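# Notes for the structure review
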Amino acid sequence: MKRILACVLAVVMVFALAACGAPAAEDSSSPSASAGSSSSPSASASAPASDFDSTREISVVSREDGSGTRGAFIELFGIEEKGEDGTKTDKTTKEAAIANRTDVMLTNIAGNEYAIGYVSLGSLNETVKALKIDGAEATAENVKNGTYKVSRPFNIATKGEPTGLAKDFINFILSKEGQEVVSGDYIAVNDNAEAFKSDNSTGKIVIAGSSSVSPVMEKLVEAYKAINTGAEIEIQTNDSTAGMTAAMDGTCDIGMASRELKDSELAELTPTQIAIDGIAVIVNNANPLEELDNAAVKSIYTGEATTWDQIIK
Amino acid sequence: MKQFRESAMRLVFFIAALTSILAVLLICVFLFANGIPAMSKVGFFDFILGENWAPQDVPPSFGILPMILGSVYITAGALIIGVPIGILTAVFLAKYCPQRAHRILKPAVDLLAGIPSVVYGFFGLVVLVPFVRDNFGGDGSSILTASILLGIMILPTIVSVSESAIRAVPQEYYENAVALGATHERAVFRVVLPAAKSGVFASVVLGVGRAIGEAMAVIMVAGNQARMPAGLLKGIRTLTTNIVTEMGYAADLHREVLIATGVVLFVFILIINISFSLIKRRQK
């Protein structure tokens, strides 16, 4: 009886969860207006979606403090204020909901019509819509040619000089084959890299850190294992600061960060840049907004603009 | 030989008891040894009553009052939702439920207890967050959503313990009440339930412990904003979710402060348990 009941309840729960997944609204495809000046917040929208209520509050979603994506985002958009005396203050609105991983951020935005967030360009998918920033579309090509300016480096770091399997794997990442894997969704750091020759190191290494870097790292590990079958590589996904802390503590062999390393981290770690990535500002597919300028993003994230009608003019 | 076997078993039981006590002692020592210095570095009142949590700022701020209030609000909300439903369910199962229905309902309640908190969290994220957003307003990730979810999560604890307590009341109590002219409802609610109040209260305390200590489900539905509570439909961060969110990357003073947050949580639960013991003693 208990088994039957357990099965029935499991089936009911699965159907309930399936039924509750609201279908994403169709992506607006109307051309956007030209970019506004960066001095005053401006935005452009396609023809307003029939049921999008622009008087509603903006649901601001940010990442946790340790996130490299957040660190780069608040710096690039001027949300972090730096005093002359060396003080740093993150002015992100206290109303911002905190997503502690890239996939959680995507789920939050995809499930809320009135939400805005940001993710790694390489993690972007069709469940959300990336906005143009200052007239430039969020693409790897635009990051590479400099028109999309919201970008940051992907770094890996080791405690001292890497040896054995860690060294061989890093050599692979920086090789022609590794950079080809990177250039799928990101920007390679070396287009003229040499072909890879493995020393067939064996053993196990642990790579930990940024949830923005881990998608490309998974692809790199897969490609490397095809060449060096004796390698065992484990990826632990958390955030950039956790990755750097783990590398410093020796609990992982390679740390991943989606930002530049801090001075305190550089004192103990040896960084290697493996890619360049953009940060896409994302909204729900039902949102008619197509474009924002730098000042508008800042006004949303500092809490100056609180409703969509202040943005969608 | 029999004497030796008995002594050996007594020793095994004694070691088992010591292990439990040792575990509690080690946790206490670890928490207080690492947490108290952090409180003194930050300043006790700045730590407990500070309204700003900004560990990455230069200089950082470590005020945990928003998280303390967040934990209190969400736990209180969970109790408001979970306790009446839980106790009434327990009464139904113990005194009203037909045997055939009991064979279905009891395993269902037990099954609720076995669902991992991350699954509850996912259910909350997919079902409750949109439900609250569409019906009550706000963005759905709120104190209300977390309270509803925790209210559901504490149900199996309250139902199971309360039902056992109600069933433990001697049948004579009920029969005597009915013999004196009480209706079934009156006998159950005025005689049996008050007689079982010690067990029912214990179930509520266990529910409080579950609610105040929950992190994984809450982190997915509460919004996780480290700021003072601003209404039922606004998000919040609790003591547990603060630790879970930041312990992975915290270092130095930040890490010590998170351990100190654990001390505060530990003291909270200690106060609840002591209060329960005092109330029980007073009732005797």
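See above for the structure.
Residues numbered from 1 in each chain as written. Chains lettered and ligands numbered in written order. Predicted model: local features only at pLDDT ≥ 70, side-chain atom pairs only at ≥ 80, totals over all residues. Heavy atoms only, no water.

### Describing the overall build of chain A
Helix and strand counts for chain A stand at ten helices and 15 strands. Counting over 313 residues, chain A shows a buried share of 49%. A fraction of 78% describes how many contacts in chain A between residues 6 or more apart in sequence connect residues 24 or more apart. Accessible surface computed for chain A: about 14,000 Å², of which carbon and sulfur atoms make up 50%. (Helix = DSSP H or I, 4+ residues; strand = E, 2+ residues; numbered from the N terminus. Buried < 20%, exposed > 50% of the residue type's maximum accessible area, 1.4 Å probe, protein only. Contact = heavy atoms within 4.5 Å. Areas by Shrake-Rupley, 256 points an atom, 1.4 Å probe, with all protein chains shown as cover.)

### Regarding the interface of chain B and chain A
Residue-level contacts link 33 residues of chain B with 35 residues of chain A. For the pair chain B and chain A, the summed buried area comes to about 2,800 Å², and 59% of that belongs to carbon and sulfur atoms. At the surface where chain B touches chain A, the tally comes to two salt bridges. Here lysine 234 of chain B ties to glutamate 95 of chain A by a salt bridge, and the two come within 3.7 Å at their closest N and O atoms. Where chain B meets chain A, there are four residue pairs in polar contact (both at pLDDT 80 or more). Examining the composition of the side of chain B that touches chain A, we find that seven residues originate from one element, helix 5 (residues 117–136) of chain B, more than from any other. Of the residues in the side of chain B that touches chain A, the class split is 18 nonpolar, eight polar and seven charged. (Buried area = accessible area lost by both parts, 1.4 Å probe. Salt bridge = Lys/Arg side-chain N within 4 Å of Asp/Glu carboxyl O. Polar contact = N/O pair within 3.5 Å; in protein donor to acceptor, adjacent residues only side chain to side chain. Nonpolar A, V, L, I, M, F, W, Y, C, P; charged D, E, K, R; others polar.)

### Describing the pattern of salt bridges
Evaluation of the coordinates by the stated rule reveals 16 salt bridges over all chains. With a closest N to O distance of 3.4 Å, lysine 129 of chain A and glutamate 290 of chain A form a salt bridge. Highlighted residues: lysine 129 of chain A in strand 7 (residues 128–130) and glutamate 290 of chain A in strand 15 (residues 289–292), separated in sequence by 161 residues. By relative accessible area, which is 12% here, glutamate 290 of chain A ends up buried. Here glutamate 163 of chain B ties to arginine 167 of chain B by a salt bridge, and the two come within 2.8 Å at their closest N and O atoms. One end of the pair is glutamate 163 of chain B and the other is arginine 167 of chain B, both in helix 7 (residues 155–168) and four residues apart, which spans about a single turn. For glutamate 163 of chain B, a relative accessible area of 3% corresponds to the buried category. We classify arginine 167 of chain B as partly exposed; its relative accessible area is 46%. Through salt bridges with shared partners, one network takes in Lys106, Asp110, Glu163 and Arg167 of chain B.

### Some words on helix 3 (residues 102–110) of chain A
Buried residues of helix 3 of chain A: Thr102, Met105, Leu106, Asn108 and Ile109 of chain A, and no others. Here the buried residues of helix 3 of chain A occupy an arc of 160° about the axis, which is enough to place them on one side. Looking at the buried residues of helix 3 of chain A, the elements they touch are strand 2 (59–63), strand 5 (97–99), strand 6 (115–120), strand 7 and strand 14 (270–284) of chain A together with helix 5 of chain B. (Arc of directions from axis to C-beta.)

### With respect to the nonpolar core
Among the nonpolar cores identified, the biggest contains 44 residues, and Phe73, Ile116, Leu292, Ile300, Tyr301, Trp308 and Ile311 of chain A are the most heavily contacted of them. Those elements giving two or more residues to this core turn out to be strand 2, helix 2 (68–76), helix 3, strand 6, strand 14, strand 15 and helix 10 (294–301) of chain A. What tyrosine 301 of chain A contacts, discounting residues up to four positions off in sequence, is Val60, Val61, Ser62, Phe73, Ile79, Lys91, Thr92, Thr93, Ile116, Gly117 and Tyr118 of chain A. By size, the runner-up hydrophobic cluster in this structure holds 40 residues, among which are Val91, Leu128, Ala182 and Val221 of chain B. (Core = buried A, V, L, I, M, F, W, Y, C linked by side-chain atoms within 4.5 Å.)

### Overview of the packing of aromatic side chains
Counted according to the given criterion, the structure contains 15 aromatic pairs over all chains. Ring plane angle 70° and centroid distance 4.9 Å describe the contact between phenylalanine 73 of chain A and tyrosine 301 of chain A, whose orientation is recorded as edge-to-face. Of this pair, phenylalanine 73 of chain A sits in helix 2 while tyrosine 301 of chain A is found in helix 10, placing the two residues 228 residues apart along the sequence. The class of phenylalanine 73 of chain A is buried, set by a relative accessible area of 0%. The exposure class assigned to tyrosine 301 of chain A is buried, which follows from its relative accessible area of 0%. With centroids separated by 6.2 Å and ring planes inclined at 75°, the aromatic side chains of phenylalanine 131 of chain B and phenylalanine 136 of chain B adopt a geometry described as edge-to-face. (Phe/Tyr/Trp six-rings, centres within 6.5 Å; stacked < 30°, edge-to-face > 60°.)

### Some words on the side chain of arginine 237 of chain B
Residues and elements named next belong to chain B. Take arginine 237: it is sitting in the loop between helix 11 (216–221) and helix 12 (239–246). Judged by its relative accessible area of 5%, arginine 237 is buried. At 3.1 Å, the side chain of arginine 237 and the backbone oxygen of asparagine 224 are in polar contact. Reaching out from arginine 237, the side chain makes a polar contact with the side chain of glutamate 246 at a distance of 2.9 Å.

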